[in-house]
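So the chains spell out like this:
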Amino acid sequence: SQTIHQWPATLVQPVGSPLSLECTVEGTSNPNLYWYRQAAGRGLQLLFYSVGIGQISSEVPQNLSASRPQDRQFILSSKKLLLSDSGFYLCAWRRGQGSGANVLTFGAGSRLTVL
Amino acid sequence: RKEVEQDPGPFNVPEGATVAFNCTYSNSASQSFFWYRQDCRKEPKLLMSVYSSGNEDGRFTAQLNRASQYISLLIRDSKLSDSATYLCVVIENRGYQKVTFGTGTKLQVIP
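Here's a quick rundown of the structure.

Parameters and conventions
Residues numbered from 1 in each chain as written. Chains lettered and ligands numbered in written order. Predicted model: local features only at pLDDT ≥ 70, side-chain atom pairs only at ≥ 80, totals over all residues. Heavy atoms only, no water. Phe/Tyr/Trp six-rings, centres within 6.5 Å; stacked < 30°, edge-to-face > 60°. Helix = DSSP H or I, 4+ residues; strand = E, 2+ residues; numbered from the N terminus. Buried < 20%, exposed > 50% of the residue type's maximum accessible area, 1.4 Å probe, protein only. Lys NZ or Arg CZ within 6 Å of the ring centre and 35° of its normal. Salt bridge = Lys/Arg side-chain N within 4 Å of Asp/Glu carboxyl O. Core = buried A, V, L, I, M, F, W, Y, C linked by side-chain atoms within 4.5 Å. Polar contact = N/O pair within 3.5 Å; in protein donor to acceptor, adjacent residues only side chain to side chain. Contact = heavy atoms within 4.5 Å. Lys, Arg positive; Asp, Glu negative; His and termini not counted.

Structural notes on the packing of aromatic side chains
Scanning the entire structure with this criterion turns up 10 aromatic pairs over all chains. A centroid spacing of 5.3 Å and a plane angle of 80° characterise the contact between A:Tyr36 and B:Phe101, whose relative ring orientation is edge-to-face. Here A:Tyr36, found in strand β4 (residues 32-38), pairs with B:Phe101, found in strand β10 (residues 99-101), and the two come from separate chains. The pair formed by A:Tyr36 and B:Phe101 is uniform in burial state, with each residue classed as buried. Ring centres of A:Phe106 and B:Phe101 lie 5.6 Å apart, and the angle between their planes is 65°; this geometry places the pair in the edge-to-face category. On the criterion of chain membership, the pair formed by A:Phe106 in strand β10 (residues 105-106) and B:Phe101 in strand β10 is interchain, its members lying in two chains. Using a relative accessible area of 6% as the deciding quantity, one classes A:Phe106 as buried. Through a chain of ring-to-ring contacts, three or more aromatic side chains come together here, namely A:Tyr34, A:Tyr36, A:Phe106, B:Tyr36 and B:Phe101. Above the plane of the ring of A:Phe88 lies A:Arg111, whose end atom (NZ or CZ) is 4.1 Å from the centre.

Notes on the pattern of salt bridges
Residue and element names in this part refer to chain B. Across all of its chains, the model carries 6 salt bridges over all chains by this definition. One salt bridge connects Glu56 with Arg76, and the closest N-O pair in it is separated by 3.5 Å. Linking Glu56 in strand β6 (residues 55-57) with Arg76 in the loop between β8 (70-75) and β9 (84-92), this pair joins segments that are 20 residues apart in sequence. On the basis of relative accessibility, which here comes to 57%, the residue Glu56 falls in the exposed class. Judged by its relative accessible area of 26%, Arg76 falls in the partly exposed class.

Side note on the nonpolar core
Counting residues in each nonpolar core, the largest one holds 23 residues, and the members touching the most others are B:Phe21, B:Trp35, B:Ile71, B:Leu73, B:Ile75, B:Tyr86 and B:Leu107. Elements supplying a minimum of two residues to this core: β3 (19-25), β4 (30-38), β5 (45-50), β7 (60-65), β8, β9 and β11 (105-110) of chain B. Judged by nonpolar contacts, the second largest core, of 20 residues, contains A:Ile4, A:Ala66, A:Leu76 and A:Trp93.

Some words on the side chain of A:Gln6
All names here are of chain A. If you trace the backbone, Gln6 turns up in strand β1 (residues 3-7). Taking relative accessible area as the criterion, Gln6 reaches 11% and is therefore assigned buried. Engagement of the side chain of Gln6 in a polar contact is seen with the backbone oxygen of Tyr89, the distance being 2.6 Å. In this structure the side chain of Gln6 is engaged in a polar contact, spanning 3.3 Å, whose partner is the side chain of Ser110. Other than its neighbours up to four places away in sequence, Gln6 contacts Glu22, Cys23, Trp35, Tyr89, Leu90, Cys91, Gly107, Ala108, Gly109 and Ser110.

Some words on the side chain of A:Arg111
For A:Arg111, the position within the fold is in strand β11 (residues 110-114). Of the side chains bearing the opposite charge, B:Glu43 lies closest to the buried A:Arg111, which forms no salt bridge; the N-O distance is 8.3 Å. Excluding residues that lie within four positions of it along the chain, A:Arg111 makes contacts with A:Ala9, A:Thr10, A:Leu11, A:Gly87, A:Phe88 and B:Arg41.

The values are spatial; any link to function lies outside them.
Here it is, written out as structure tokens:
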């Protein structure tokens, strides 16, 4: 079966510090990968998606970046965090094609507080 | 107009009540539809897919109206454990198949 892991679960960072959130998927190959952010009391905002290694598309311009160095690894980064970067970051995957291709499965999330 | 719209609620209903949520979408090319459930401070989890003919899973019934571009979720005999935010999800039939979430409808089931 497929599983998705996301870490760290919680972090508190000062403004201007760097950020690295990691996400890995097991039990599948060539998944579509996504990073979403959810601000407190708000909906899900798509940040990045990737359909393959090294292929990253950005939905919203901001000080965040994403990378996919391996097929099942997706990393969200920032060089300098802003207060507005606080939120609940969710990694998600779904099959690129085949049965169940449309179902999106989320990791447990990373809760970031920027002070 | 937002791509996917939901009434944010909250819907406060007594135990045992029947409650219905609607979700409208703007892109007629949308292909797949889902309802997700999100508990407080947790990740969203798939509740059920929505099929054109309508589908039922226990106390939950989902329906799709392509002509009017909306989907619905009906919960019968509400339980306290149904309290959560319900997210409508639409996947478009283009390119990489963009996944769009509604902002969610909050349900609070009251004893």
